[in-house]
Each structure stands twice: as structure tokens, then as C-alpha cells.
Amino acid sequence: MNELTRWLRDQPSLIGTPPPLDLSDLPADPHDLFDRWIRASADAGIPEVRAATLATADAAGRPDARTLILKGVSADGWEFAGPRSSAKGRQLAENPAAALTFWWQPVMRAVRVRGTVHEAAPAESAADIAGSPAGALLGPGEWALWRLVPERIEFWQGSPDRRHVRIVFTRDGDDWTREV
């Protein structure tokens, strides 16, 4: 075992304080639970709560990931944006599927979202870039607003005793099924 591997294995993990979780008070819609969790994380003082890792894959299935900012969540999907010419844009054009992951370490919570991705209407992309600092750098035609339409959303709460809780919502037509 090399020195870096030894050092990595010696580092503490799952440090933080998970908030109370009442499994009898879960909403039927995962978007409502996300609303609760992200606001609670912000209220706990976690910076950049809307930062997420977006994972995509190219046409050959080679994965890629980057950190970005969640722009919005609605019944239409989970919104993020960027240039069409970026690696993200090219990969989504080739393979319109993605996953988002949020990690709020101080409260030991994570959210994973997986589904298909659709580009928003050109007017919506133009409106998004108009309100963005990137608008000064890019023309509106190069900017895209995308929506990840979730098929599966997992809420994970860590526990120091390693009895982690997973709450998995799976799309069933227009409804959601939930498994804890």
C-alpha cells in the first residue's frame, strides 16, 4: 500500500450531525422532500447548497462529471444551464441522460436524481442567460437551459453508526412510488 492510500484510509469519514428524520412524515412527492432538505441545509449554514455534481456520458458511454449550480426545480424538471459547445452540451446532445448529486456534508445528507434531459425552449434559455453573469461572455444562441426529468430520486441520510437511511422515489407514470 502506498503512502497516499494509507493516508486516505486514515482520514475520518461521515463527520457531521444529521438532523432528526421522521420517516412517518414523508411527503408523497419527492420535490417536496427536496424543498425541505435544501432549505434545512441552507438554514444550517451550509454554503452553496444548490451546487451539484452533474454526471453525463458521451455516445460511447464514457462518463464525465462536473459541478454546477441548480437553477430551478419544477414539475417540468431540474434545471441547469451552460454553453451548448461545452463537454456537457455535446454529451447531452449525444446521450440525453444524466444524474445530479447533492452532498451536504455537515448534515450528512445527499440527494441523487437520475433521468432524461431535455433542452428548454430557446426563449427560456435566452431569459436564463439574460439574468446570468455569463451573459456578458456568451451570445444567447450559444446558451442552453436544460431540464433533467427525474425517473428516480434518492434521499440519503448518513449516520455515525453506519445505519444510513435511503428514501427512494421512483416515477410511476405521473405518480411516484416510495421505498424506505
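Residues numbered from 1 in each chain as written. Predicted model: local features only at pLDDT ≥ 70, side-chain atom pairs only at ≥ 80, totals over all residues. Heavy atoms only, no water.

**Student:** Help me out: how do you make sense of the packing of aromatic side chains in this one?
**Tutor:** By convention here, two paired aromatic rings are described through the distance between centres and the angle between planes. Per the stated rule, a full pass over the model turns up nine aromatic pairs. Here the aromatic rings of F34 and W104 are separated by 6.1 Å at their centres, their planes lie at 40°, and the arrangement is tilted. Of this pair, F34 sits in helix α2 (residues 30-43) while W104 is found in strand β5 (residues 97-104), placing the two residues 70 residues apart along the sequence. An identical accessibility class is assigned to F34 and W104; each is buried. Chaining the aromatic ring pairs together yields one cluster made of F34, W78, F102 and W104. The positively charged end of R109 is found above the aromatic ring belonging to W37, 3.9 Å away from the centroid. (Phe/Tyr/Trp six-rings, centres within 6.5 Å; stacked < 30°, edge-to-face > 60°. Helix = DSSP H or I, 4+ residues; strand = E, 2+ residues; numbered from the N terminus. Buried < 20%, exposed > 50% of the residue type's maximum accessible area, 1.4 Å probe, protein only. Lys NZ or Arg CZ within 6 Å of the ring centre and 35° of its normal.)

**Student:** Just to check I follow, could you spell out the pattern of salt bridges for this structure?
**Tutor:** For the structure shown, the criterion picks out 13 salt bridges. Salt-bridge contacts for D128 lead to K71; the nearest nitrogen and oxygen are separated by 3.0 Å. Taken together, the residues span a long stretch of sequence, with D128 in helix α4 (residues 122-130) and K71 in the loop between β2 (63-69) and β3 (72-74) at a distance of 57 residues. We classify D128 as buried; its relative accessible area is 16%. The class for K71 is partly exposed, based on a relative accessible area of 34%. A salt bridge links R147 to E79, with the nearest nitrogen and oxygen atoms 2.8 Å apart. (Salt bridge = Lys/Arg side-chain N within 4 Å of Asp/Glu carboxyl O.)

**Student:** Help me understand α2, please; the structure alone is not making it clear to me.
**Tutor:** Each α-helix turn comprises 3.6 residues. Residues three or four places apart therefore point the same way. Here α2 spans 20 Å end to end across 14 residues, near enough to the 20 Å set by a 1.5 Å rise per residue. All of the buried residues in α2 are P30, H31, L33, F34, W37, I38 and S41. Taken end-on, α2 shows its buried residues confined to a sector of 155°, consistent with a single buried face. Exposed residues on α2 whose side chains face more than 90 degrees from its buried face are R39 and D43. (Expected span 1.5 Å × (residues − 1). Arc of directions from axis to C-beta.)

**Student:** Could you clarify how one ought to interpret the pairing of strand β4 (residues 77-83) in this entry?
**Tutor:** In regular strands, side chains alternate between the two faces of the sheet. Within β4, six of the seven residues are buried, leaving the element largely enclosed by the surrounding structure. As paired strands, β3 and β4 are joined by three bridges and run antiparallel to one another. In the sheet register, G72 faces β4, and the bridge partner there is E79. Hairpin connection of β3 to β4: two residues between the antiparallel strands. Across six bridges, β4 lies against strand β7 (residues 143-157) in antiparallel orientation. (Pairing = 2+ DSSP bridges.)

**Student:** In this structure, what is going on with the side chain of H31? I would like to understand it.
**Tutor:** Tracing the sequence through the fold places H31 in helix α2. A residue is classified by how much of its surface remains accessible, and H31, at 17% relative accessible area, is buried. A distance of 3.3 Å separates a polar atom in the side chain of H31 from a polar atom in the side chain of W78. Contacts of H31, omitting those with residues within four sequence positions, involve V73, S74, W78, P150, I153 and W176. (Polar contact = N/O pair within 3.5 Å; in protein donor to acceptor, adjacent residues only side chain to side chain. Contact = heavy atoms within 4.5 Å.)

**Student:** What is the right way to read a nonpolar patch on the surface from this model?
**Tutor:** Taken together, L4, W7 and L8 make up a surface patch of nonpolar side chains, about 340 Å² in accessible area. Its place among the elements puts W7 in helix α1 (residues 3-10). Residue W7 is classed as partly exposed on the basis of its relative accessible area, which comes to 46%. (Patch = residues over 30% accessible without salt bridge, like charges linked within 9 Å, V, L, I, M, F, W, Y side chains within 5 Å. Areas by Shrake-Rupley, 256 points an atom, 1.4 Å probe, with all protein chains shown as cover.)

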